[in-house]
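This is what each chain is made of:
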Amino acid sequence: MTKAKGSLDKNLSNVIDDLAQTPVNSHQAQQLQQDVNDRRHQDALNHDQPTDLTHQRSSS
């Protein structure tokens with residue numbers, strides 16, 4: 001069994017950074033949430049598989 005290295009988990013560090021941002025009002029809170037949503041949407045777009053137009057199934 002290998003020992004864990006002394007570095008922090010990158011994802012955990014990002015969560016801590018996000019939690020450290022305390023919005024002052026509801027508008028700022030909404031803006032922070034929209035940033036998260038935009039990142040998730042862009043990440044989903046980057047992982048889509050391209051449509052293979054040359055090998056479509058025949059409709060017969």
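Residues numbered from 1 in each chain as written. Predicted model: local features only at pLDDT ≥ 70, side-chain atom pairs only at ≥ 80, totals over all residues. Heavy atoms only, no water.

Enquirer: Just checking my understanding: could you explain the overall build of the protein for this structure?
Expert: Helix and strand counts for the protein stand at 2 helices and 0 strands. The 60 residues of the protein split such that 2% are buried. For the protein, the exposed surface amounts to about 6300 Å²; the carbon and sulfur share of it is 52%. (Helix = DSSP H or I, 4+ residues; strand = E, 2+ residues; numbered from the N terminus. Buried < 20%, exposed > 50% of the residue type's maximum accessible area, 1.4 Å probe, protein only. Areas by Shrake-Rupley, 256 points an atom, 1.4 Å probe, with all protein chains shown as cover.)

Enquirer: Looking at this structure, I do not really get helix H2 (residues 26-46). What am I missing?
Expert: Residues spaced three or four apart along an α-helix face the same direction, because each turn holds 3.6 residues. With 21 residues, H2 extends 30 Å from end C-alpha to end C-alpha; this agrees with the ideal 30 Å at 1.5 Å per step. Regarding H2, its N-cap is Asn25, as a side-chain oxygen of that residue lies 3.1 Å from the backbone nitrogen of His27 further along. (Expected span 1.5 Å × (residues − 1). Polar contact = N/O pair within 3.5 Å; in protein donor to acceptor, adjacent residues only side chain to side chain.)

Enquirer: Sorry, what's going on with a nonpolar patch on the surface here?
Expert: A grouping of Leu12, Val15, Ile16 and Leu19 is seen on the molecular surface, where their side chains present a nonpolar patch of about 400 Å² in accessible area. Within the fold, Leu12 resides in helix H1 (residues 10-20). (Patch = residues over 30% accessible without salt bridge, like charges linked within 9 Å, V, L, I, M, F, W, Y side chains within 5 Å. Salt bridge = Lys/Arg side-chain N within 4 Å of Asp/Glu carboxyl O.)

So yeah, pure geometry; function would need other evidence.
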